[in-house]
Amino acid sequence: MPMMEPVPGEHEGVTAPPPAPPLTAPLDDALTTQPAAPPEEPNDAPEPEMSPEEQQARERAAMAALYGDQFPQIKDEPQPQDWAAWAEDLWDRHQPGKRRRMHLTQRNRLFYKGVQWVSANGFGPWIEPPKPREQARAVHNLIKPALDQRAQIVSEQRPGFRTKPITQDSEKVKKAEAQQYALEYQYDQQGMRGITKETRFHNGTDGVAFWHLHWDDQAGPWYEMTTGETMRLGDVRTRILKIEQVVVSANATTNIKPSYWVIKETISTAEAVTAHGVRAMGTRRAVNTGRANVAMGLIGNSTGPGDSDPLEGQDTVDRFTVYCERSEYLPEGLTVITVDGELVVLSPLVQGVVPMVRVPDGTADPAFFPAPEMDDWVEHQIRVNAAISKWVESVRLNSGGRFLTRPRAISNDTLVAGTLSAIEVRGTGPISESVLPVQGFSVGTDIKELIQAERQLFEDKSGWNASSRGQYSGDTSGRAILALREQLERVFAEPVNAVAEAMVEWGKVTLQFMRWGYDIPRLLGIMGHGRPDLARAISSEDFDEIADVEIDPETMTPMPRALRLFLLDQMFEKGLMPADEYRKRLPFAYTRNLQTPNDTQQARAFRVAEAIKANKPIPPIRWQDNEAIHQDVLESEILLRDDLEEAVVQAADARWKALAQQSATKMAPPPGPAVPPDPKDGPSLSPRLQPMLGTNPSMASAPANVMGNPNAPLMGGSDAHSGGA
């Protein structure tokens, strides 16, 4: 496959897309305002004729209903500042619809951190009311370990990507395989395991988080151009957006995609200039005081997790990004990026899709910004804290001695010899009449029962219980353990399924990015020696027809080590791996990436087939080749196809016949011992000089003249010879 020289600007992504239309003119064909004509139906009533002015007025009204009254295409000559104002207007329009969700999100984040004695007045900030001096406010944080466990479970396993071709044509099957290898490569090079874990950290308290894919010009391998210069080829990258950074159109639900997305990010001026150049230097820059999110009920900055605010005290700007799906009025979609009130990007969807992926936490709430499962845990957490606080108060009250005394009866308490305490009592009469010890008491059993019951309810809902932590009793049977594991899988099934579905959508968007950006063939990092896919590089041609991407959620469910050992033992007992391979895998009990000698044979066969199709030097046939595997690959890749040149088919046919000849040579019987010459072919011998006829050549006796007596027994040559002497 010939290498192509990159064209300047061709790998620019969201931060630097292809050249956009002039900023002072309306969008051209990609943003045409002429809707497609509806199909004619024989029973449709004829529409009344309208003047061009009326038609234009209706179209503008329709666009205003879809994208808001500030949509610049409604104007005759939209200006750059109109696009910036429109993006900010969309953001402000959708804030009231998220107010309650954002308010509860802040509460959930505080509960995760252990700040759980909080309350709020309406949608005001969450604060901790003043605490009386004698009151205890204990916190037994169950939410944090439960959410951390879910994050670990979701990110522990590697998703098993599976791509299905549109048809079973060999070329499309091969492209589907290339796309599957490409997704596995992207999962590794983008660090999706860490991204998935961080995403679960956010959507555990927020209910949902988002993946924003973009093209990074400074990523990917280095490429040397014909001029001798080197450049990065660029690659796909994924960053995480939290719930407070995204709003969508009002029609969006869990199963309905939004018509448009609006993203607001507070970034440093240095990052803005690095990504967008001098166009990002607006006039509204301000120093971040760390209170940017108070209006939304959030504390701290929205750019990173934890209590730290890396942008506090820094020069910051707001970046708005708007993605519009394809519609009647936007046939190619729309991408708008503004920084500090300045328009920096205006173009159709660069990769043809909106590069956003919604990642929920698995809740059953169908809202686009759903209530997380954690909302159902909060009441149990509050009651556990209240009950434990009463227990702490009881312990504090009864931890020391208490006395029932008259006023001013006890005058002094002296420590004697470091161990004894002497109490002086005033008054006359017996001491028992002035000072009476009070017996201490423990907290009521109802408090302990309440703590145990609420904790049990919490564990049943969250799945963070003794079984999920691996705490089994010694007498637990194998069947009981399997039943407990099945129950745990049902509890964690929805979070795992949610991430699997999000990963499928991520894979489809990633393939679109690779289709757009892999115009120069490159070898992927997943390929290595002995792999069948080593025969070809991956380029944009492999993504002409995006295959259907699937992920089996079971591949993302954690597998116990005991079960992995069991599968490893089964594979070894069935002879699927040699002993040395079994010993190598035994400490970790991993069974993935298991290769067999057939993999190496198939890899060489694919290399041969690709060399034949590309008209390159063909590797010679070797005696160690598996002819059957090589012939099968030649048949599926070349011989049984009708869309290849005749010269390629003839070369493959010659190779196939040569392999058949070598296979026949291997099947020939080995050479045997020498056969005596036929008497007809040479001078005849005397019967006394010929060996005994009718015997196996290896069992032939001595010649007759040596044997002497012709009447001697057949096997008595030695006796006859001695008697003749």
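Now for a description of the structure that goes with this document. (Residues numbered from 1 in each chain as written. Predicted model: local features only at pLDDT ≥ 70, side-chain atom pairs only at ≥ 80, totals over all residues. Heavy atoms only, no water.)

Before going further, it helps to spend a moment on the sheet that holds strand S2 (residues 208–216). Strand order in the open sheet formed by three strands is S5-S2-S12, and the pairing between neighbours is antiparallel. Looking along the sheet, the strands with just one partner apiece sit at the ends: strand S5 (235–241) and strand S12 (356–360). Strand-to-strand twist across the sheet, computed as the mean angle between neighbouring axes with direction ignored, equals 25°. Where helix H12 (residues 493–517) meets the sheet, its contacts fall on S2, S5 and S12, and the angle it forms with S2 comes to roughly 15°. (Pairing = 2+ DSSP bridges. Helix = DSSP H or I, 4+ residues; strand = E, 2+ residues; numbered from the N terminus. Axes fitted to C-alpha atoms, helices over the stretch in contact; angles between N-to-C directions. Contact = heavy atoms within 4.5 Å.)

Once that is clear, we can look at the packing of helix H3 (residues 99–113) against helix H6 (residues 192–206). Here H3 crosses H6 at 115°, and the two axes come no closer than 8 Å. Here H3 contributes Arg 101, Thr 105, Asn 108, Arg 109 and Tyr 112 to the contact with H6, which in turn contributes Phe 201, Thr 205 and Asp 206. Tallied by class, residues from the contact of H3 with H6 come to two nonpolar, three polar and three charged. (Nonpolar A, V, L, I, M, F, W, Y, C, P; charged D, E, K, R; others polar.)

In this structure the tally under the stated criterion is 28 salt bridges. In this structure, the salt-bridge partner of Glu 373 is Arg 150, at a minimum N-O distance of 2.6 Å. Of this pair, Glu 373 sits in the loop between S12 and helix H8 (378–398) while Arg 150 sits in helix H4 (residues 143–156), placing them 223 residues apart in sequence. On the basis of relative accessibility, which here comes to 22%, the residue Glu 373 falls in the partly exposed class. Between Glu 332 and Arg 326 there is a salt bridge whose closest N-O contact spans 3.3 Å. (Salt bridge = Lys/Arg side-chain N within 4 Å of Asp/Glu carboxyl O. Buried < 20%, exposed > 50% of the residue type's maximum accessible area, 1.4 Å probe, protein only.)

Enumeration according to the criterion identifies 18 aromatic pairs in this entry. With 6.0 Å between their ring centres and 90° between their planes, Phe 71 and Trp 83 make a pair best called edge-to-face. Taken together, the residues Phe 71 in the loop between helix H1 (52–67) and helix H2 (80–94) and Trp 83 in helix H2 connect sequence positions 12 residues apart. Overall, the relative accessible area of 0% leaves Trp 83 in the buried class. (Phe/Tyr/Trp six-rings, centres within 6.5 Å; stacked < 30°, edge-to-face > 60°.)

Further remarks concern helix H16 (residues 627–639). It helps to recall that an α-helix has 3.6 residues per turn; residues three or four apart then point in one direction. For H16, which comprises 13 residues, the first-to-last C-alpha distance of 15 Å sits more than 12% below the rise-based estimate of 18 Å (1.5 Å per residue). Three or more residues of H16 are buried, namely Glu 627, Ile 629, His 630, Gln 631, Val 633, Leu 634, Glu 637 and Ile 638. (Expected span 1.5 Å × (residues − 1).)

With that out of the way, let us pick up the pairing of strand S1 (residues 161–164). By the alternation rule, side chains of S1 split into Phe 161 and Thr 163, which are all buried, and Arg 162 and Lys 164, of which none is buried. Pairing of S1 with strand S17 (residues 548–551) involves four bridges; the strand directions are antiparallel. When the sheet's bridge partners are listed, Thr 163 is paired in S17 with Val 549.

Let's shift gears to the nonpolar core. Judged by nonpolar contacts, the single largest core of 38 residues is most densely connected at Phe 161, Trp 211, Leu 213, Val 357, Met 503 and Trp 506. Contributions of two or more residues to this core are made by H4, helix H5 (170–189), H6, S2, S5, S12, H12 and S17. Ranked by residue count, the leading element in this core is H12, at 12 residues. If we skip the residues at most four places from it in the chain, Met 503 touches Pro 159, Phe 161, Tyr 187, Met 192, Thr 196, Trp 211 and Ile 551. (Core = buried A, V, L, I, M, F, W, Y, C linked by side-chain atoms within 4.5 Å.)

All right, on to unusual backbone geometry then. Notably, Asp 340 is not glycine yet its phi reads approximately 55°, a positive angle. Tracing the sequence through the fold places Asp 340 in the loop between strand S10 (334–339) and strand S11 (342–347). Classification of Asp 340 by relative accessible area gives buried; the value is 6%. Despite not being glycine, Asn 615 has its phi angle at roughly 60°, a positive value. Summarising the element assignment, Asn 615 is placed in the loop between helix H15 (597–613) and H16. Here Asn 615 falls in the exposed class, since its relative accessible area comes to 73%.

Our focus in this paragraph is the pairing of S12. Counting buried residues in S12 gives five out of five residues, a clear majority hidden from the surface. Burial of S12 is two-sided: the residues Met 356, Arg 358 and Pro 360 facing one way and the residues Val 357 and Val 359 facing the other way are all buried. Sheet topology note: the S2/S12 ladder contains five bridges and is antiparallel. Across the sheet, the residue bridging to Val 208 is Pro 360, located in S12.

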